[in-house]
Amino acid sequence: LRDNCRAVVMGDTSFGKGLVQAVYGLKNGDGLVLTVARYLTPGGTDINKIGIVPDVPREDALPSVPGFVPLIGSDTSRVDFKDVTQRMSMCS
């Protein structure tokens, strides 16, 4: 979404699983692991072992109250919408 200028990413860094592997059993009982694909963002960024780093970290966007579970329609009072607008305008 970020690469296509459709959204600002908020939250935690993603896991970073950026490879697709196939495992083949060989006749002698061994195995062969072959990388058959690699995930890239639309902008060509390789996310393997890095993940997608958010533009706005969760700590900056959500309340730091113990036990807080964000829901759709959660309080967005800590989100700097001026910053979000500026980030989105960089795509123009």
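Heads up: the structure comes first, above all this text.
Residues numbered from 1 in each chain as written. Predicted model: local features only at pLDDT ≥ 70, side-chain atom pairs only at ≥ 80, totals over all residues. Heavy atoms only, no water.

1. Remarks on the overall build of the chain
Tallying secondary structure elements over the chain gives 2 helices and 4 strands in all. Mapped from its N terminus to its C terminus, the chain presents α and β elements in the order β-β-β-β-α-α. Of the contacts formed within the chain by residues at least 6 apart in sequence, a portion of 55% connects residues at least 24 apart. When the accessible surface of the chain is split by element, carbon and sulfur atoms take 57% of a total near 7,200 Å². (Helix = DSSP H or I, 4+ residues; strand = E, 2+ residues; numbered from the N terminus. Contact = heavy atoms within 4.5 Å. Areas by Shrake-Rupley, 256 points an atom, 1.4 Å probe, with all protein chains shown as cover.)

2. Quick notes on the side chain of Asp55
Mapping Asp55 onto the fold places it in the loop between β3 (31-38) and β4 (56-57). Side chain to side chain, Asp55 and Arg2 meet in a polar contact 3.2 Å long. Non-local contacts of Asp55, meaning those with residues more than four positions away in its chain, are made with Arg2, Val8, Val9 and Arg87. (Polar contact = N/O pair within 3.5 Å; in protein donor to acceptor, adjacent residues only side chain to side chain.)

3. A closer look at the pattern of salt bridges
Taken as a whole and assessed by the stated rule, the structure comprises 2 salt bridges. Among the ionic pairs, Arg2 bridges to Asp55, the shortest N-O distance being 3.2 Å. Of the two residues, Arg2 sits in the segment before β1 (10-11) while Asp55 sits in the loop between β3 and β4, which places them 53 residues apart along the sequence. Given the relative accessible area of 30%, Arg2 is considered partly exposed. For Asp46, the salt bridge identified is with Arg38, shortest N-O distance 2.9 Å. When its relative accessible area of 30% is taken as the criterion, Asp46 is described as partly exposed. Given the relative accessible area of 48%, Arg38 is considered partly exposed. (Salt bridge = Lys/Arg side-chain N within 4 Å of Asp/Glu carboxyl O. Buried < 20%, exposed > 50% of the residue type's maximum accessible area, 1.4 Å probe, protein only.)

4. Focus on the environment of Phe15
For Phe15, the location among the structural elements is in the loop between β1 and β2 (19-25). Residues Phe15 and Val53, spaced 38 residues apart in sequence, show a C-alpha to C-alpha distance of 9.7 Å.

5. A look at the pairing of β2
For a regular strand, the rule is simple: side chains alternate between the two faces of the sheet. Of the strand pairs in this sheet, β2 and β3 are connected by 7 bridges, and their pairing is antiparallel. Counterpart to Val23 in the pairing with β3 is Val33. Connecting β2 to the next strand, β3, in antiparallel fashion are 5 residues, including Gly29 with a positive phi near 95°. (Pairing = 2+ DSSP bridges.)

So, to be careful, I would describe these as geometric facts and stop short of saying anything about function.
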